[in-house]
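# Examining the three-dimensional arrangement
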Amino acid sequence: MGTLVKMHVVRSGNEAGADAAAHKAMDRAFGWFHEIESRCTRFSEGSELMRLTAQAGVAAPASAILYEAVQFALMVAQASGGAFDPAIGHRMHAHGFNREHRTGEVVQTAAIPGDSVDYRDVLLDPDRRTIMLRRPLTLDLGAVAKGLAVDMAARELHSFADFAIDAGGDLYLGGSNERGAPWAVGIRHPRNQDELIASLRVSNQAVCTSGDYERRAPGGGAHHILDPRTGASAHAVASATVVASGAMLADALATAAFVLGPEEGIQFLNRMGVEGLIVTPELERFETRGLCHAA
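All of the points below concern the structure found in this document. (Residues numbered from 1 in each chain as written. Predicted model: local features only at pLDDT ≥ 70, side-chain atom pairs only at ≥ 80, totals over all residues. Heavy atoms only, no water.)

### Side note on the overall build of the protein chain
The condition that has to hold: Only DSSP runs of H or I with at least four residues qualify as helices, and only runs of E with at least two residues qualify as strands; both kinds are numbered from the N terminus onward. Partly exposed residues are those whose accessible area sits between 20% and 50% of the maximum for their type, while under 20% is buried and over 50% is exposed, using a 1.4 Å probe and protein chains only. Contacts are assigned to residue pairs that have any heavy atoms within 4.5 Å of one another.
The helix and strand inventory of the protein chain stands at seven helices and twelve strands. Split into buried and exposed, the 295 residues of the protein chain put 52% on the buried side. Of the contacts made within the protein chain by residues no fewer than 6 positions apart, 65% connect residues no fewer than 24 positions apart.

This is how it looks when you write it as structure tokens:
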């Protein structure tokens, strides 16, 4: 997934076998990142997602992982009025976000879409668990798959109660830290890399941030958060942070809020029942009323 994944389990006492149990659970948790990437990445021609891309017009059977990721992405697309849209892969490719992170090789796609394709061109059959692309298009699940992997990893560590997962800034914080207090999460300043713009207190929740500083197209062009409705980078927001029950939800809603802009984005987060902080390029802050700041 092009990111560093770190996990930490807080353990009290010296129970026999506890370390071994924690390591086994973390091995299973890390395994979800590899499994979900193999299903959902558009950066491997052999992934399940890219095999689906090559079958426009065919109701293709899907694994439980891919079906859940696509189904969730379509739900957020509809709820956001298309500000979030998994059918944006071809536009990402056109902007230069088309290289496999380990090899640097350009990944080709068989789809040659028209400019008007969107999430409505993706049809699901829940009874048969199939996905059909009505027209040629490339799905991009970048704002869904990593969060799903974090959530699945959190399930593996749930029995330990107190733990932290950090997948390149997509966080899930279970229980309490070593001092028995809720976890403190620093939100990066979108313009000063070594500074924080806010600190939050979190327990049994996920925190995900979308920022315009994360990835740029080759040559320093567009940043990676495109407005699906225009095909260009969204510029009204510098960063959007969401606190939610799970990382897949937080990651997708942060992307949608970023595209919607500060005022409409906060309204959207309130409507979706999550907390969030949106920072504009001028460093003006917008936040939901229930956001829990650290002292």
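Once the structure has been displayed, the description carries forward.
### Quick word on the nonpolar core
Put simply, the rule reads: The definition of a nonpolar core used throughout is a set of buried Ala, Val, Leu, Ile, Met, Phe, Trp, Tyr and Cys residues joined through side-chain atoms within 4.5 Å.
With 74 residues, the main nonpolar core has Met7, Leu66, Ile131 and Leu141 as its most contacted residues. When residues in this core are grouped by element, the largest group, twelve residues, is from helix H6 (residues 247-260). Filtering out sequence-adjacent residues up to four positions away, isoleucine 131 remains in contact with Leu52, Val58, Ala59, Ala60, Ala62, Leu66, Tyr67, Val70, Val122, Leu123 and Leu124. Within the second largest apolar cluster, 16 residues are counted, among which are Val10, Trp183, Ile187 and Val202.

### A short note on the pattern of salt bridges
Between side chains of opposite charge, pairing is possible as soon as their charged atoms come close. Using the following cut-off: Each salt bridge in this description consists of a side-chain nitrogen of Lys or Arg and a carboxyl oxygen of Asp or Glu lying within 4 Å of one another.
Counted by the stated rule, this structure contains ten salt bridges. Glutamate 35 is the salt-bridge partner of arginine 39, the closest N and O atoms lying 3.1 Å from each other. In this pair, arginine 39 and glutamate 35 both sit in helix H1 (residues 18-40), four residues apart, roughly one turn of the helix. The network of salt bridges with shared partners includes Glu35, Arg39 and Glu48.

### Side note on the sheet that holds strand S3 (residues 122-125)
We apply this condition: At least two bridges found by DSSP between two strands are what make those strands a pair.
Spatial ordering of the open sheet is given by S2-S4-S3, a layout of three strands whose pairing is antiparallel. Single-partner strands in this sheet number two, and they are strand S2 (60-61) and S3. In this structure, S2 lies alongside strand S4 (residues 130-133), joined through two bridges in antiparallel fashion. Following the sheet pairing, alanine 60 is matched in S4 by isoleucine 131.

### Re the environment of methionine 92
As for its position among the elements, methionine 92 is in helix H4 (residues 89-94). Taking the C-alpha atoms as reference points, methionine 92 and threonine 138, separated by 46 residues in sequence, lie 9.4 Å from one another.

### Considering the side chain of serine 63
Applicable threshold: In protein, a polar contact requires one atom able to donate a hydrogen and another able to accept it; more generally it is a pair of N or O atoms within 3.5 Å, and residues adjacent in sequence count only if both atoms are side-chain atoms.
With respect to the helices, strands and loops of the structure, serine 63 is situated in the loop between S2 and helix H3 (64-79). Serine 63 sits in the buried class, given a relative accessible area of 14%. At a separation of 2.7 Å, a polar atom in the side chain of serine 63 contacts the side chain of glutamate 48. Discounting residues that sit within four places of it in the chain, serine 63 has contacts with Arg39, Glu48 and Arg129.

### Considering the packing of H3 against H6
Keep this limit in mind: Only C-alpha atoms enter the line fits that serve as axes; for helices the fit covers just the stretch in contact. Angles between N-to-C directions range over 0 to 180 degrees. In this scheme, roughly parallel covers angles under 35 degrees and roughly antiparallel covers those over 145, while 65 to 115 is roughly perpendicular and the rest are oblique. We call a crossing left-handed when the near helix sits turned anticlockwise from the far one by less than a right angle, and right-handed when that turn is clockwise. Under the scheme applied, nonpolar residues are Ala, Val, Leu, Ile, Met, Phe, Trp, Tyr, Cys and Pro; charged residues are Asp, Glu, Lys and Arg; polar residues are all the others, including Gly.
The interhelical angle for the contact between H3 and H6, taken along N-to-C directions, is 40°, at an axis separation of 11 Å. What the angle tells us is that H3 and H6 run oblique. Of the two elements, H3 crosses H6, and the hand of that crossing is right-handed. Only Met248, Leu249, Ala252, Leu253 and Ala256 of H6 make contact with H3, whose side of the interface consists of Glu68, Phe72 and Val76. Looking at the contact of H3 with H6 residue by residue, the classes come out as seven nonpolar, no polar and one charged.

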